[in-house]
Amino acid sequence: MSFLNKEICDGDNPDLTEERRTATFDTDRMAQVIYGSEKFAARRRQITKSISRIPALQDTKPLAFMTREEKITEACRELDVLSDHWEQLIYVNDEEEALHLHREVIGMEGHPFALHETMFIPTLVSQASDEQQEKWLGRARKREIIGCYAQTELGHGSNLRKLETTATYSPSTQEFILHTPTITALKWWPGALGKSSNYAIVMADLVIKNKSYGPHPFIVQLRDEKTHQPLPGITVGDIGPKMAFNGADNGFLGFDHFRIPRGNLLMRHNRVEPDGSYLKPPHAKIGYSSMVKVRSRMAMDQGLFMAQALVIAVRYSAVRRQGFLEDKSQEVKVLDYQTQQHRLFPSIARVYAFIFCGLETIQLYEKLILDVNKNGDTSGMADLHSLTSGLKSVVTHFTGQGIEQARMACGGHGYSMASYISEIYGVAVAGCTYEGENMVMLLQCARALVKAVELVEEGHPEKLSPMMAYLTKPSVTVDLTVGPEAYVKIFQLIAKKQAFKATEQLHKFMVAGDSRDVAWNKSAVELTKASRLHTRLYILKTFIRRVESITDISVKAALTDLLNLHLNYELLDVASYALADGIMSSTQMDFIKNQLYSSLEKIRPNAVSLMDSFQFSDLQLRSVLGRRDGHVYQNLFEWAKSSPLNQSEVLPSVTQYLKPMMEKSKL
Ligand SMILES: CCCCCCCC/C=C\CCCCCCCCCCCC(=O)SCCNC(=O)CCNC(=O)[C@H](O)C(C)(C)COP(=O)(O)OP(=O)(O)OC[C@H]1O[C@@H](n2cnc3c(N)ncnc32)[C@H](O)[C@@H]1OP(=O)(O)O
Ligand SMILES: Cc1cc2nc3c(=O)[nH]c(=O)nc-3n(C[C@H](O)[C@H](O)[C@H](O)COP(=O)(O)OP(=O)(O)OC[C@H]3O[C@@H](n4cnc5c(N)ncnc54)[C@H](O)[C@@H]3O)c2cc1C
């Protein structure tokens, strides 16, 4: 068929080439801003190039046509190839490079080492004593053992204090006896637990002499290192297919009076002595640090998920032609429609905002762990916990929305698995649940907000952390034409008002006789609203800080357009609060709308390059629709032909059922 002639696929689609020509900045320079440094952006490109030279790391069969077993096997094959080339591809033990390598080669659907790297090793780093690290950390880093993080149970996830798995200390044998007393106590959900891991960090209620000390982390061997068979006393398996993440074997785990040595309780911050005496940690929640680590990474990770969906949608929108504007001789690129821009560009701005935030929170976590491990200083824990609790909830919610809009922006082809957007969506929205269900975490953030409001009301504003300082700002009239700082001021007033209103409501119920818990529940919706506003304010301020710090003039100009869009879009999105409280007038609302529409026009010529700047390879994108070459239709046709259904002309379902049925109908 002539229209599939290879020659017309040589070179990129001219529509995309035109887009790339009109960009006002250099995408390599933008990548430096996205990835935090010139060095890392360059390393990413170098790693991508090295991967492309290893034939065994190129895609085999499209993921959409694979069964779960095939996906898991393929991920393991890729891990095996990677381990043969590890030292030649990346600097060993460089977490960011390893993450990039995994993201690109194995993708996002999960693999046996995902939890090993993201939670098992970090828990050993933050919770194991030096002696324990000597024993296990090296082996884990060399991948002699595979570990996961087993905390959630069939009956309990959000409320850690009610975990049922027990670890009862036996002073006579100096062992802990792990036990699953009921079906609801089965560990349920941990990634890579079902079939791959032979070790786990198990969170269990520490019991000494009939006294419960709450959840503590234990390192537990689950399977024989030679045969990989579960050890006696252990029941373990896969929990079955999920909405996405089907390359991962999320698992269940039960213990039948399973004994582990005393030294398997991770004892960096707390200890159980041979006689059973307990030395408590410097902070009650220090055992939760691995969750805080993952939460601190989520703004970045979710930003990258949304970026992948937007690369696909923006490239496709520059290639897809539909309908007419002025020129009736040629259909228009759908990216030229204002509605399409309004659907996609605010999400592009959020991607950048989330990533800038993520760069900051990752550093905050690293600093916290240094402070705790080197100086025993836990003073930063509360702030980081409230910040990351709010952040993980807000970014996962908006990322889900942004990805779904990206899918719809691709019309019918967005609904095909060829776009890969449905998979990205499924993986990203898992983040609304894992590492703490979003509502639960917004309420954790609200605890800190209410405490801060109470401090202000009690006349102790000097005790507020810098993040809460806006709660003392007086109401002022703001001139929005002044620039970003004016937007921040209005946002601060809106967030402050909501924090005070929610706290007032809580206090009102308490004064009327409700207990704090009941009053809290009756005020919970208002409290979560306060948390969201507080978090969005933080994101907004990080975005401004980051753009101000950029030195490359053209990159800064492009990001200033994006920042302006973000400021206007965010303020418009929360305008109902501002109008209700008389913080903004309807004239100011009209100003914001006009600014927003003009931002869309300014961003339009840079849209493709703003997304190209993420420098995702086609291997990483795994999208037929979003490939860099933009030859959407040829690529889609090739992909469809590779469907297993098209490997024979007549399917057994036809010979077995349809054909006889039609024959019968003829009689
Ligand atoms: C070389 C390196 C290579 C790297 C390669 C990496 C390869 C990866 C490649 C690809 C990636 C693929 C993708 C994989 C990613 C998938 C990851 C999925 C991971 C999912 C894992 C999980 O989900 S684990 C389970 C998570 N579970 C939860 O989050 C449970 C949520 N619940 C809680 O956290 C707690 O129950 C609670 C915080 C909600 C309440 O706790 P608790 O009841 O104990 O406390 P209170 O509510 O009473 O509060 C008392 C007091 O404590 C404060 N507090 C609570 N938590 C903390 C904390 N963590 N830090 C500090 N303070 C805390 C709380 O605020 C209260 O304070 P007050 O002052 O009293 O208000
Ligand atoms: C893809 C994926 C991977 C995971 N990986 C792991 C892993 O590796 N290791 C691991 O241990 N776990 C893992 N989990 C489990 C995950 O951490 C839990 O599912 C999560 O913490 C939520 O807990 P839950 O399922 O008990 O939800 P529930 O708490 O039962 O939530 C149900 C509803 O109740 C509401 N709710 C609950 N408590 C409150 C409250 N106090 N106030 C108001 N509303 C409330 C929630 O908002 C939600 O609407 C994973 C989950 C998923 C989806």
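Parameters and conventions
- Residues numbered from 1 in each chain as written.
- Chains lettered and ligands numbered in written order.
- Predicted model: local features only at pLDDT ≥ 70, side-chain atom pairs only at ≥ 80, totals over all residues.
- Helix = DSSP H or I, 4+ residues; strand = E, 2+ residues; numbered from the N terminus.
- Rg over C-alpha atoms; globule rule 2.2 N^0.38 Å.
- Buried ≥ 20, exposed ≤ 12 C-beta atoms within 10 Å, placed from the backbone.
- Contact = placed C-beta atoms within 7 Å.
- Arc of directions from axis to C-beta.
- Near = placed C-beta within 6 Å.
- Nonpolar A, V, L, I, M, F, W, Y, C, P; charged D, E, K, R; others polar.
- Domains from an automatic or database assignment.
- Axes fitted to C-alpha atoms, helices over the stretch in contact; angles between N-to-C directions.
- Parallel < 35°, antiparallel > 145°, perpendicular 65-115°, else oblique.
- Left-handed = near helix turned anticlockwise from the far one by under 90°.
- UniProt positions renumbered as here; feature names shortened; annotations may be inferred.
- Pairing = 2+ DSSP bridges.

### Here's the deal with the overall build of the protein chain
Inference 1: When helices and strands are counted, the protein chain shows 23 helices and 11 strands.
Inference 2: Computed over the C-alpha atoms, the radius of gyration of the protein chain is 27 Å, within 12% of the 26 Å expected from 2.2 N^0.38 for a compact globule of 667 residues.
Inference 3: A principal-axis box enclosing the C-alpha atoms of the protein chain has dimensions of 85 × 75 × 60 Å.
Inference 4: Counting all 667 residues of the protein chain, 44% fall into the buried class.
Inference 5: In the protein chain, once contacts between residues fewer than 6 apart in sequence are set aside, the share between residues at least 24 apart is 74%.

### Focus: helix H2 (residues 27–34)
Inference 1: Taken together, the buried positions of H2 are occupied by Met30, Ala31, Val33 and Ile34. Take H2 and look down its axis: the buried residues cluster within an arc of 155°, on one side only.
Inference 2: Elements in contact with the buried residues of H2: helix H3 (38–52), helix H9 (338–375) and helix H17 (553–573).

### Examining the site of ligand 2
Inference 1: As a matter of local geometry, ligand 2 sits amid 20 residues, with Gln151, Thr152, Gly157, Ser158 and Met439 nearest to it.
Inference 2: Ranked by residue count, the leading element in the shell around ligand 2 is helix H13 (residues 438–457), at 3 residues.
Inference 3: Per-class residue counts for the shell around ligand 2 are 11 nonpolar, 8 polar and 1 charged.
Inference 4: The two domains that each donate at least three residues to the shell around ligand 2 are domain 2 (147–281) and domain 3 (290–459 + 484–611).

### A few points about the environment of Lys463
Inference 1: With respect to the helices, strands and loops of the structure, Lys463 is situated in the loop between H13 and helix H14 (484–511).
Inference 2: Judged by local crowding, Lys463 falls into the exposed class, with 11 C-beta atoms found within 10 Å.
Inference 3: Separated by 283 residues in the primary sequence, Lys463 and Thr180 have C-alpha atoms spaced 44 Å apart.

### Considering the site of ligand 1
Inference 1: Taken together, 32 residues form the shell around ligand 1, and within it Ala98, Glu117, His385, Tyr434 and Gly436 come nearest.
Inference 2: Elements supplying a minimum of two residues to the shell around ligand 1: helix H5 (95–105), helix H6 (114–127), helix H8 (289–319), helix H10 (381–409) and H13.
Inference 3: Considering each element in turn, the shell around ligand 1 owes the most residues, 5 residues, to H5.

### Re the packing of H8 against H10
In a packed pair of helices, the relevant descriptors are the angle between the two axes and the axis-to-axis distance.
Inference 1: In contact at an axis separation of 9 Å, H8 and H10 are set at 15° when each is read in the N-to-C sense. In terms of their interaxial angle, H8 and H10 are classed as roughly parallel. Crossing geometry of H8 relative to H10 is assigned as left-handed.
Inference 2: Residues belonging to the contact of H8 with H10 are distributed by class as follows: 15 nonpolar, 9 polar and 2 charged.

### Concerning the UniProt feature "domain: Acyl-coenzyme A oxidase N-terminal" (unreviewed entry) in the protein chain
Inference 1: Annotation from UniProt places "domain: Acyl-coenzyme A oxidase N-terminal" (unreviewed entry) at residues 26–146.
Inference 2: Secondary structure across residues 26–146 comprises 68% helix and 0% strand; the distance between its end C-alpha atoms is 42 Å.

### What to know about the UniProt feature "active site" (unreviewed entry) in the protein chain
Inference 1: Here, UniProt's "active site" (unreviewed entry) annotation points to Glu435.
Inference 2: You can see Glu435 is positioned in the loop between helix H12 (421–429) and H13.
Inference 3: The contacts of Glu435, once residues within four sequence positions are left out, are Met291, Val294, Arg295, Met298 and Lys392.

### As for the packing of H8 against H12
Inference 1: Relative to each other, H8 and H12 sit at 165°, their axes nearing to 10 Å. Judged on the interaxial angle alone, H12 and H8 are roughly antiparallel. Read as a crossing pair, H8 and H12 show a hand that is left-handed. Counted together, Gln302, Phe305, Gln308, Ala309 and Ile312 of H8 and Ile421, Ile424, Val427 and Ala428 of H12 form the full contact between these two elements.

### Looking at the environment of Asn568
Inference 1: Inspection of the secondary structure assignment puts Asn568 in helix H17.
Inference 2: Under the C-beta neighbour-count criterion, Asn568 is labelled buried, with 24 such atoms within 10 Å.

### Let's talk about the domain arrangement of the protein chain
Inference 1: Domain annotation for the protein chain reports domain 1 (25–109), domain 2 (147–281) and domain 3 (290–459 + 484–611).
Inference 2: One C-alpha centre belongs to domain 2, the other to domain 3; they are set 36 Å apart.
Inference 3: Between domain 2 and domain 3, the contact holds 5 residues from the first and 8 residues from the second.
Inference 4: Classifying every residue of the side of domain 2 that touches domain 3 gives 4 nonpolar, 1 polar and no charged.

### Points about unusual backbone geometry
Inference 1: Look at Gln174: it is not a glycine, yet its phi comes out positive at around 55°.
Inference 2: Tracing the sequence through the fold places Gln174 in the loop between strand S2 (166–170) and strand S3 (175–179).
Inference 3: Note on Gln174: 15 C-beta atoms within 10 Å, which makes it partly exposed.
Inference 4: A positive phi angle, near 55°, is found at Arg622, a position not held by glycine.
Inference 5: When you line up the elements, Arg622 lands in the loop between helix H21 (618–621) and helix H22 (632–641).

### Some words on the pairing of S3
Inference 1: Residues of S3 alternate between two faces, with Phe176 and Leu178 buried on one and Glu175, Ile177 and His179 left unburied on the opposite face.
Inference 2: Summarising the sheet, S2 and S3 pair through 5 bridges and their orientation is antiparallel. Bridging across to S3, Thr168 finds its partner in Ile177.
Inference 3: Here S2 hands over to S3 after 4 residues, with Gln174 in that stretch at a positive phi of 55°.
Inference 4: Pairing of S3 with strand S9 (residues 258–261) involves 4 bridges; the strand directions are antiparallel. Residue pairing in the sheet places Phe176 in a bridge with Ile260 of S9.

### Observations concerning the environment of Val220
Inference 1: For Val220, the position within the fold is in strand S6 (residues 211–221).
Inference 2: Val220 sits 41 residues away from Pro261 along the chain, and the two C-alpha atoms are 9.4 Å apart.
Inference 3: Sequence-distant contacts of Val220, that is, excluding residues within four places in its chain, are made with Leu178, Tyr199, Ala200, Val202, Ile260 and Asn264.

### A few points about the sheet that holds strand S4 (residues 187–188)
Strand pairing in a sheet relies on backbone hydrogen bonds, with the paired strands running either antiparallel or parallel.
Inference 1: Within the open sheet, the 3 strands sit side by side as S4-S8-S7. Their pairing is antiparallel. Looking at the sheet topology across the chains shown, the edges are occupied by S4 and strand S7 (234–238).

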